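The chain contents come next:
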Amino acid sequence: MNSAQNPGKILSLGIQHMLAMYGGAVIVPLIVGGAVGLNSAELALLVSIDLAACGLATLLQAWKNRFFGIGLPIVMGCTFTAVSPMIIIGKSYGMPGICGAILVSGLVVLILSTFFGKIVRFFPPVVVGTVVMIIGLTLIPVAVNNLGGGSGAKNFGSPQNLILGFGVLVLIVIMNRFFKGFLRTISILLSIVIGTLAAALMGMVNFSSVASAGWFSMIKPFSFGAPTFHADAIIAMSIVGMVSLIETTGVYMALSDITRQPINEKSMEHGYRAEGLAILVGGLFNAFPYTTFSQNVGLVQMTGVKTRKVAIVCGFSLVVLGLIPKIGALTVLIPNAVIGGATLAMFGMVIASGVRMLGKVDFARQDNLLIVACSIGVGLGVTVQPALFAKLPSLVQILTNNGIVAGSLTALILNIVFNVGRKQDELETTDLSKQMVAEASAAKSE
C-alpha cells in the first residue's frame, strides 16, 4: 500500500504499531519490578511510567531535526537484552541503582553517537552474538520461575500454573504457525490476554485493584527515589547500550530499504543520538533504557508504511495510556504463570538472535571458537557461582561480580587479541585453507 496520508489510515496504523509492541513493553516492568520486590501498586506505577516513557522515546526518534532523530517509522521500547542486567542491579541496589546506571549509560551512548562508526569494528558478530547469547541464557531461569508461579509462591509448580504457562506458550506457537500478517505480529499480546482471561475463569485474578485505580495521573521524575551510582551497574548497562546500538544499526538499514528512504552516516548519527536521549528519558522517570523495537520492523514491511507519522501516533498513544492508572493496574493482574509462558518464548528468541548473529562468524577458525567458548564459560560461570571472585579486591569485583559484564569483557578482549589488526594475508590463508578442505571433501565424495 502507499504511505497512507489519509488521517484515518495514519491513526489506525499508529494504533496498530502500539498494539504490536504493547505485550513486549509491559512484560519488562512486570519482570524487572517483580524481581526487585515491588508491590502491586508500585508495579502498576512502573507499567504506567514505562508506557509513557516508551511514547516519549518514540517521539524523540520521529522528531527529525539537525541534532537528533532519524525520521524513519521507528517505535522505541526496552530491549530484552537489558532485562537480566537490570534484575541483577535491582537485587543489589534497588530501583535507584537501576536508574543511576541507565542515566550514565545514556550519556555514554550520547558520547559514542558521534563516532560510533569508528569503534564498531571492536564489536563484530562474534562479540555481539556471544553477549546476546549470554544475556538470553541468564534470562531463561527468570521465565521458568514465573511459569511455575513466581519464586517463593506457595503454589509454585501447581497444575494450574503449568497449564496456564505452557498453554500460553502453545498458543504463541499455534498463532505463529497458522496466523498471518498483523495477527501473527500481536501473537504475544493475544496469548497474554487469552491466558489472563483463562486465569480469571480459574479464580486466579482479582479485579478490585482496577476498580480502585484512578483515570488520570501525571507521571513524575524519580518516582522510585533519587538515582544512585555504582560502577559495576554502570559498566553493565553501558555494555547493553553499545550492543543495542549495533542491533539498532541493522534495524535502521532494514527500515531504510523497506521504506525506500536512503540514510547516510549523518542520519545514523542522529538516530544514535536520539537513542541516547531516549535512555536518559528512561533513567529520568525511573523506567528503562529504550532502543529501536525490532518487533515492529515486520509490521512496517507488511503494511508498506513509509511515513514517520504512524510512529508519532504510536508515541502519543503510548503517552496517553501511561497517564491512565487503570491501564497499569489492569496489566499488573496478569498472573506470573502467564508471563512465564510468554517470556519463555521471548527470552528464548534472545538466545536465537545470538545464534543467528554467530551464524555470520567463520568457525573454521579455532580462535573464533575459543572466543565464544571462553566468554560463555566465564559469563555463565560467574552467574551460577557469583562468590567465585568474592575474595578479590573490590575494584576487580566491579568487573567480575556480574556474569554479563565478565562474559562481555572476555569476548571483547579475546576479539582484540585474535582479530583486531589481523593481517590480510592471514585472512587469505584461512580462506585458502577452507577452499582446500572443500575441494578435498568433493574429491573424496567422487
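The structure presented is a predicted model; accordingly, all values stated were derived computationally and were not measured. (Residues numbered from 1 in each chain as written. Predicted model: local features only at pLDDT ≥ 70, side-chain atom pairs only at ≥ 80, totals over all residues. Heavy atoms only, no water.)

Caption draft 1: Structural context of the overall build of the protein chain. Counting secondary structure elements, the protein chain contains 19 helices and two strands. Burial statistics for the protein chain: of 446 residues in total, 54% are counted as buried. Expressed as a percentage of contacts within the protein chain between residues at least 6 apart in sequence, the contacts between residues at least 24 apart total 83%. Accessible area of the protein chain: about 19,600 Å², with a carbon and sulfur share of 67%. (Helix = DSSP H or I, 4+ residues; strand = E, 2+ residues; numbered from the N terminus. Buried < 20%, exposed > 50% of the residue type's maximum accessible area, 1.4 Å probe, protein only. Contact = heavy atoms within 4.5 Å. Areas by Shrake-Rupley, 256 points an atom, 1.4 Å probe, with all protein chains shown as cover.)

Caption draft 2: A look at a nonpolar patch on the surface. The grouping of Leu11, Ile15 and Leu19 at the surface amounts to a nonpolar patch, some 220 Å² of accessible area in total. Mapped onto the secondary structure, Leu11 falls in helix H1 (residues 7-35). Judged by relative accessible area, Leu11 falls into the partly exposed class, the value being 46%. (Patch = residues over 30% accessible without salt bridge, like charges linked within 9 Å, V, L, I, M, F, W, Y side chains within 5 Å. Salt bridge = Lys/Arg side-chain N within 4 Å of Asp/Glu carboxyl O.)

Caption draft 3: Quick peek at the pattern of salt bridges. For the structure on display, the rule yields three salt bridges. Note that Arg273 is salt-bridged to Glu269, the shortest N-O span being 2.5 Å. With Arg273 and Glu269 both in helix H11 (residues 265-284), this residue pair falls four residues apart, about one helical turn. The buried category is assigned to Arg273, whose relative accessible area is 18%. Residue classification places Glu269 among the buried residues on the basis of a relative accessible area of 11%. Put simply, Asp367 and Arg365 hold a salt bridge, and the shortest N to O gap is 3.3 Å. Residue classification places Asp367 among the buried positions, given a relative accessible area of 11%.

Caption draft 4: Main features of the packing of H1 against helix H15 (residues 336-358). Here H1 crosses H15 at 110°, and the two axes come no closer than 11 Å. For the element pair H1 / H15, the angle class is roughly perpendicular. Along this stretch, H1 crosses H15, giving a crossing that reads as left-handed. Between H1, through Gly24, Ile27, Leu30 and Ile31, and H15, the contact on the second element is made entirely by Ile339, Ala342, Thr343, Met346 and Phe347. (Axes fitted to C-alpha atoms, helices over the stretch in contact; angles between N-to-C directions. Parallel < 35°, antiparallel > 145°, perpendicular 65-115°, else oblique. Left-handed = near helix turned anticlockwise from the far one by under 90°.)

Caption draft 5: Here's a closer look at helix H6 (residues 159-178). The terminal C-alpha atoms of H6 lie 27 Å apart, and with 20 residues this matches the ideal 28 Å at 1.5 Å per residue to within 8%. Here the buried face of H6 lies against helix H5 (125-147), helix H7 (181-185), helix H8 (187-201) and H15. (Expected span 1.5 Å × (residues − 1).)

Caption draft 6: How the structure looks around the side chain of Thr248. Considering the arrangement of structural elements, one finds Thr248 in helix H10 (residues 231-259). On the basis of relative accessible area, Thr248 is assigned to the buried category, the value being 1%. At a separation of 3.1 Å, a polar atom in the side chain of Thr248 contacts the side chain of Glu275. In this view, Thr248 contacts Glu275, Thr291 and Thr292; residues no more than four positions away in its chain are not counted. (Polar contact = N/O pair within 3.5 Å; in protein donor to acceptor, adjacent residues only side chain to side chain.)

Caption draft 7: Examining empty space enclosed by the protein more closely. In this structure the tally under the stated criterion is two cavities of 30 Å³ or more. Every residue lining the largest cavity is listed: Thr79, Met237, Val240, Gly241, Ser244, Ile279, Pro289, Tyr290 and Thr291. Of all the elements in the fold, those that place two or more residues in the lining of the largest cavity are H10 and strand E2 (290-292). Of the residues forming the lining of the largest cavity, the biggest block, four residues, is contributed by H10. Per-class residue counts for the lining of the largest cavity are five nonpolar, four polar and no charged. Taken as a whole, the second largest cavity holds about 30 Å³ of empty space. Around the second largest cavity, the lining residues are Pro73, Ile74, Val75, Val251, Leu255, Thr292, Phe293, Asn296, Val297 and Val300. Counting residues per element, the ones that place at least two in the lining of the second largest cavity are H10 and helix H12 (295-303). If one sorts the elements of the lining of the second largest cavity by residue count, H12 sits on top with three residues. Of the residues that constitute the lining of the second largest cavity, the class distribution is eight nonpolar, two polar and no charged. (1 Å grid on protein atoms, 1.4 Å probe; cavity = no way out; pocket = protein on both sides within 12 Å on 5 of 7 lines; lining within 4 Å. Points joined across faces, edges and corners; volume = space filled by probe spheres on them. Nonpolar A, V, L, I, M, F, W, Y, C, P; charged D, E, K, R; others polar.)

Caption draft 8: Structural view of the packing of H6 against H15. At a closest axis distance of 7 Å, the pairing of H6 and H15 adopts a crossing angle of 35°. H15 is crossed by H6, and the crossing has right-handed handedness. Contacts from Asn161, Leu164, Gly165, Val168, Leu169 and Ile172 of H6 reach H15 at Ala337, Val338, Gly341, Ala342, Leu344 and Ala345. Taken together, the residues that form the contact of H6 with H15 break down as nine nonpolar, three polar and no charged.

Caption draft 9: Inspection of the packing of aromatic side chains at higher detail. Enumeration over the complete set of coordinates arrives at two aromatic pairs. Ring geometry for Trp63 against Phe68: centres 5.3 Å apart, planes inclined by 90°, an arrangement best described as edge-to-face. In this structure Trp63 comes out as exposed when scored by relative accessible area, which is 54%. Considering the side-chain rings of Tyr252 and Tyr272, the 5.9 Å spacing of their centres and the 35° angle between planes classify their relative orientation as tilted. Of this pair, Tyr252 sits in helix H10 while Tyr272 sits in helix H11, and the two are 20 residues apart along the sequence. Across the pair, exposure class does not vary: Tyr252 and Tyr272 are buried alike. Lying across the ring of Phe178, Arg177 places its NZ or CZ 4.9 Å from the centre. (Phe/Tyr/Trp six-rings, centres within 6.5 Å; stacked < 30°, edge-to-face > 60°. Lys NZ or Arg CZ within 6 Å of the ring centre and 35° of its normal.)

Caption draft 10: Region of the structure containing the environment of Phe123. Locating Phe123 in the fold gives a position in the loop between helix H4 (116-119) and H5. A residue is classified by how much of its surface remains accessible, and Phe123, at 13% relative accessible area, is buried. Considering only alpha carbons, one finds Phe123 and Leu412, 289 residues apart in sequence, at a separation of 7.2 Å. Beyond its immediate chain neighbours, meaning those up to four positions away, Phe123 contacts Val128, Met242, Ile246 and Leu412.

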